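Close look at the chain arrangement
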2 protein chains.
Amino acid sequence: MAERATPGRVVFIGAGPGAADLITLRGAARLAEAEAVLFDALTDPALREHAPRARWIDVGKRGFGCATGQAAIDALLVTMARRHRVVVRLKGGDPSVFGRLEEELAALAAAGIDSEVVPGVTAALAAAAHTRRPLTRRGRGRSVSLSTAMTADAGLHAGARHADTEVFYMAGRQLGTLARQLQASGWAGDTPVCVVSRAGCADAVASDHRLDGLAAASVLHAGRPAVVTVGVAARAVAAAPQPRAETDAAPAGRAALAA
Amino acid sequence: MAERATPGRVVFIGAGPGAADLITLRGAARLAEAEAVLFDALTDPALREHAPRARWIDVGKRGFGCATGQAAIDALLVTMARRHRVVVRLKGGDPSVFGRLEEELAALAAAGIDSEVVPGVTAALAAAAHTRRPLTRRGRGRSVSLSTAMTADAGLHAGARHADTEVFYMAGRQLGTLARQLQASGWAGDTPVCVVSRAGCADAVASDHRLDGLAAASVLHAGRPAVVTVGVAARAVAAAPQPRAETDAAPAGRAALAA
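Bear in mind that the values here come from a model prediction, so they are computed numbers and not experimental data. All residue numbers here refer to positions counted from 1 along the written sequence of the relevant chain. Chains carry letters from A onward and ligands carry numbers from 1 onward, assigned in written order. The model is predicted, so local features are restricted to residues of pLDDT at least 70 and side-chain atom pairs to those at 80 or more, both for listing and for counting; the totals for chains, interfaces and linings are taken over all residues. Where side-chain values are given, they derive from all heavy atoms of the structure, hydrogens and water being excluded.

Turning next to the sheet that holds strand β1 (residues 9-14) of chain A. Residues and elements named next belong to chain A. Strands sit in the order β3-β2-β4-β1-β5 across an open sheet of 5 strands; the sheet is parallel. Strands with a single pairing partner mark the edges of an open sheet, and in this sheet they are β3 (55-58) and β5 (115-118). The average undirected angle you get between the axes of adjacent strands in this sheet is 20°. The pairing of β1 with β5 spans 4 bridges and is classified as parallel. Its bridge partner lying in β5, F12 is registered against V117. The rule for pairing is simple: two strands pair if DSSP sees at least two bridges between them. To qualify as a helix, a DSSP run of H or I must reach at least 4 residues; to qualify as a strand, a run of E must reach at least 2; elements of each kind are numbered from the N terminus. Fitted lines through C-alpha atoms give the axes, limited to the stretch in contact for helices. The angle between two N-to-C directions lies from 0 to 180 degrees.

Structure (structure tokens):
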């Protein structure tokens with residue numbers, strides 16, 4: 001196909017984690033304008049219904065730590081934007097969180113191509129929703145840190161404790177290694193851990209563990225992208241202990257945390 | 001209105017940050033089923049179009065740190081669920097992040113009322129999308145921590161450095177206090193800071209600062225909820241410095257970080 005007189009633009013869209021109905025209305029609307037869509041392995045095929053006439057191109061990255069093909073994707077984005085009015089780059093979850101967005105934005109900027117980013121639901125939020133375990137809690141859970149356990153060279157990174165709750169985006173088979181590294185860096189063996197694999201999908205699986213028993217979860221979540229919540233927010237919310245008085249908010253919140 | 005023979009259920013929905021089209025398709029679909037909707041001050045009135053016949057109840061919390069009325073909201077949720085088949089609790093951003101979800105889930109559990117949580121786009125993701133500044137970066141920005149600067153007693157909390165990038169959810173007028181506390185806890189005065197107020201809304205405002213000059217931003221963002229990004233991810237993504245070779249992804253990423 002010939003190049004356009006002026007290049008088109010690229011819209012990065014967060015497809016949300018898994019299920020097609022976790023994309024935003026804005027994301028779905030921009031997708032409907034697309035002439036070409038470059039999509040990742042972690043996006044739901046049902047999203048094609050929003051842009052049935054677009055050219056869909058599988059760029060097949062799995063996301064966590066694998067650099068294979070990133071430069072090819074960058075180059076393809078530029079090429080497609082020179083041929084099409086609107087090109088969508090559809091990424092699982094949110095483009096700004098572990099999405100390799102930086103490299104692709106830099107390539108487009110170098111080529112003088114306009115871009116827009118439409119945010120999406122990142123997997124940690126879907127895992128929290130699935131388990132009904134809020135990532136922040138009153139009093140004891142005022143910060144949450146999102147990390148990926150894998151570095152660019154595929155080694156594991158699990159440093160010192162950061163926030164009240166740590167959420168790791170990782171492969172299910174790495175759970176044993178993560179547990180060992182977290183304990184080595186000072187986390188207690190009885191720290192609560194909640195693992196949700198394929199969060200946001202219809203076949204999501206959630207399981208509860210102590211940190212020192214986390215390795216056993218590898219079998220259950222093997223071969224599935226997982227969200228691992230460590231710390232305060234890994235605990236289930238307990239029922240409030242008594243009928244609530246309208247003028248007193250504090251006791252129920254504290255009771256739920258203490259459970 | 002009379003109570004039902006069996007109570008209905010409550011669906012917590014993340015409305016997304018501001019603009020009505022940042023709700024998910026699932027959130028919009030559940031909203032259309034609602035007979036009653038309890039909504040916060042930070043949700044877009046245009047969302048009413050999804051449930052025009054529902055009873056809309058403004059529970060008017062601003063979210064950050066103010067506990068006034070939480071027990072009343074908990075009690076109202078229970079009362080409404082006993083009268084209606086589907087009650088929606090619509091929260092700005094994502095319900096699991098600084099959304100007081102724990103207290104409301106605990107109250108419903110105590111009353112034996114079913115609940116579901118539909119995730120949404122939290123403000124940090126909308127701020128990153130608006131500025132096209134990914135929250136994670138290759139190599140140097142592998143973790144991001146979300147915190148609220150305010151505690152339950154309305155004091156400021158800005159502890160030791162957590163992650164490569166810290167994102168604070170706060171009121172625009174508190175920027176000077178945050179800057180002082182972060183510097184007192186060891187952050188360098190020349191740390192890059194990006195402030196986005198009303199992220200996700202049509203009238204979002206973004207500004208760049210050094211940490212030691214952040215206080216001056218209070219005027220610009222006064223009276224507006226703000227997302228304050230501190231650290232690696234506060235920097236703009238620079239254009240890749242040269243035409244990209246298809247077999248080499250690394251240089252562009254490093255150059256963008258160094259810029």
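It takes a turn of 180° to lay chain B on chain A, together with a shift of 0.0 Å along the axis; the resulting RMSD is 0.0 Å. Put plainly, the chains are arranged around a two-fold axis. When the interface residues of chain B are mapped onto chain A, 100% of them again lie at the interface, so the same face is used by both copies. Least squares is the method used to superpose the copies, on C-alpha atoms of residues holding a pLDDT of at least 70 in both. By definition in these notes, contact holds between two residues if any of their heavy atoms fall within 4.5 Å.

All names here are of chain A. Locating L77 in the fold gives a position in helix α2 (residues 70-83). The class of L77 is buried, set by a relative accessible area of 0%. Once the C-alpha coordinates of L77 and P95 are considered, the two residues, 18 residues apart in sequence, prove to be 15 Å apart. When residues no more than four places from it in sequence are discounted, the contact partners of L77 are V10, F12, L38, V87, R89, E104 and L108. In this scheme, a residue with accessible area under 20% of its type's maximum is buried, one over 50% is exposed, and one in between is partly exposed, where area comes from a 1.4 Å probe on protein chains only.

We now examine the side chain of T165(A). Residues and elements named next belong to chain A. Summarising the element assignment, T165 is placed in strand β7 (residues 165-171). Using a relative accessible area of 0% as the deciding quantity, one classes T165 as buried. Look past the residues within four positions of T165 in its chain and what remains in contact with it is L135, S143, V144, S145, T229, V230, G231, V232 and A233.

Turning our eyes to something else, we now look at the sheet that holds strand β10 (residues 225-231) of chain A. Across the sheet, 10 strands lie side by side as β9(A)-β8(A)-β10(A)-β7(A)-β6(A)-β6(B)-β7(B)-β10(B)-β8(B)-β9(B); this open sheet has mixed pairing. Every other strand in the sheet has two partners, leaving β9 (205-210) of chain A together with β9 (205-210) of chain B as the edge strands with one partner each. With strand direction ignored, the average angle separating the axes of adjacent strands in the sheet is 20°. Taken together, the 5 bridges between strand β8 (residues 192-197) of chain A and β10(A) define a ladder with antiparallel strand orientation. Following the sheet pairing, V196(A) is matched in β10(A) by V227(A). Contacting β6 (143-148), β7, β8, β9 and β10 of chain A, helix α4 (residues 123-131) of chain A crosses the sheet at an angle of about 105° to β8(A). Packing of helix α4 (residues 123-131) of chain B onto the sheet brings it into contact with β6 (143-148), β7 (165-171), β8 (192-197), β9 and β10 (225-231) of chain B, and relative to β8(B) it is tilted by some 105°.

A few words now on helix α3 (residues 101-110) of chain A. Residue and element names in this part refer to chain A. Within α3, 8 of the 10 residues are buried, which leaves the element mostly enclosed by the surrounding structure. Every buried residue of α3 is accounted for by L101, E102, E103, E104, L105, A106, A107 and L108. Just past α3, the residue G112 takes up positive phi, approximately 70°.

This brings us to the packing of α2(A) against α3(A). Residue and element names in this part refer to chain A. One can describe the packing of α2 onto α3 by two numbers: an axis separation of 9 Å at closest approach and a directional angle of 40°. One way to sum up the angle between α2 and α3 is to call them oblique. In this structure, α2 crosses over α3, and the sense of that crossing is right-handed. Contacts from Q70, I73, D74, L77 and V78 in α2 reach E103, E104, A107 and L108 in α3. The labels follow the angle: roughly parallel below 35 degrees, roughly antiparallel above 145, roughly perpendicular from 65 to 115, and oblique for the rest. By convention, the crossing between two helices is left-handed when the near helix turns anticlockwise from the far helix through less than a right angle, and right-handed when the turn is clockwise.

Just geometry here; none of it tells us what the structure is for.
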